[in-house]
Amino acid sequence: MSPTEHVALAPYCTLRLGGPAHWFVRVETIEQLRTALAWSTDRKLDPLVLGGGSNLVVADAGWPGLVVQFASRGVEYRDDGELTRVTAAAGEPWDALVAATVERGLAGLECLSGIPGCVGGTPIQNVGAYGQEVAEVIESVTVLDRGSGRVQRISGAECGFGYRQSRFKHADAGRFVVLEVAFLLRPGGEPTLHYPDLIAELGGATPTLTGTRAAVLAVRKRKGMVLDDTDPDTRSVGSFFMNPLVAAAEHALLRDDAGQPAPSFAASPGRLKVPAAWLIERAGFKKGHARGPVGISTKHPLAIVNRGGATAHELVAFARAIQRAVTDRFGITLRAEPEFVGFGTDADVAALRG
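Residues numbered from 1 in each chain as written. Predicted model: local features only at pLDDT ≥ 70, side-chain atom pairs only at ≥ 80, totals over all residues. Heavy atoms only, no water.

What to know about the sheet that holds strand S5 (residues 63-70)
Spatial strand order, S1-S2-S5-S3: four strands in an open sheet with mixed pairing. The open sheet has two edge strands, strand S1 (4-8) and strand S3 (47-50), and neither has a second partner. Across the sheet, the axes of successive neighbouring strands diverge by a mean angle of 45°, strand direction being ignored. Of the pairings in the sheet, the one linking S1 to strand S2 (residues 20-27) comprises four bridges and is antiparallel in character. Across the sheet, Val-7 pairs through a bridge with Ala-21, a residue of S2. (Pairing = 2+ DSSP bridges. Helix = DSSP H or I, 4+ residues; strand = E, 2+ residues; numbered from the N terminus. Axes fitted to C-alpha atoms, helices over the stretch in contact; angles between N-to-C directions.)

Okay, here's the thing in structure tokens:
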């Protein structure tokens, strides 16, 4: 293992901004990962394990320690009664895995098509879209405990999954490195079709897994949510803010300037999920709204984009302006979805984290 000094991190993140890593190394095996983490510990450097960089905001100062890009690969399929266990290494590209499972006729991931990043990041964030979450199909997550150096298997029930959260993101943040994830999928199962956008895209066609995946990709592309180097609207972390969950009484007070109530979706008992995009637009930040090199996508109000040459400071300031506007207008504090690294005790980032 030979770390490289002063490596730009912007090319490794979908936002294409942020400062350099003091040290950087790419590893592909657990043994190499352990060696890299030990190298960092010996030099009293903080390690940052990097996956696909699709849900990451890196500070302008970069990362002062060692950045380890964990690029393990491998996928295994095994029958497990009426289900199929799909075990994928953390470094596997997520959308390639979804495409492969759909091609094999395995249901459970089709609505998560087109999401950038790697497999290892999905249980941390409890990735979800269009009515599916990985929590529904994760059997187990195999991790490396940084403190003890032990490899252990954590069942899906032990992951503490919630809306865009898990124990890996909160209670045990920074403790584990995800090594592989095992999913239980349904051979020949029907696709998940709840969202009107997908139903409309299918246009009355009989829903199939391949058709549903194609519909998801088409809808995501229209919203700038599929990576495209030629499209600045995709230079983002996808949805920057999470949809807030509110009580029914609170939802009744949410109305636009014409007095129309906010749309909502049923969530946990007694709670409704309100689209953050609706709140953002009615707080004064429409699609295409720009402030210098940062702005809102012209295709979707939830995507904050780097229009070219933006700094992390500018992006954070813009996100805080949106957050404040929504709070002032509706009394709701939006929470940011991406991870922020290298910001220390920055007050604005603390506010965005909620």
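Considering the state of the cysteines
What the rule picks out here adds up to zero disulfides. The closest cysteine sulfur to the non-disulfide-bonded Cys-118 is located on Cys-13, 12 Å from its own sulfur. (Disulfide = S-S within 2.5 Å.)

Observations concerning the packing of helix H2 (residues 94-103) against helix H5 (residues 209-222)
At a closest axis distance of 9 Å, the pairing of H2 and H5 adopts a crossing angle of 150°. By the angle between their axes, H2 is roughly antiparallel relative to H5. Contacts between H2 and H5 involve Asp-95, Val-98, Ala-99 and Val-102 from the former and Leu-209, Thr-210 and Arg-213 from the latter. Across the contact of H2 with H5, the residue classes break down as four nonpolar, one polar and two charged. (Parallel < 35°, antiparallel > 145°, perpendicular 65-115°, else oblique. Contact = heavy atoms within 4.5 Å. Nonpolar A, V, L, I, M, F, W, Y, C, P; charged D, E, K, R; others polar.)

Comments concerning unusual backbone geometry
Even without being glycine, Lys-44 reaches a positive phi, approximately 55°. Residue placement: Lys-44 occurs in the loop between helix H1 (30-42) and S3. Look at Tyr-130: it is not a glycine, yet its phi comes out positive at around 50°. Using a relative accessible area of 10% as the deciding quantity, one classes Tyr-130 as buried. (Buried < 20%, exposed > 50% of the residue type's maximum accessible area, 1.4 Å probe, protein only.)

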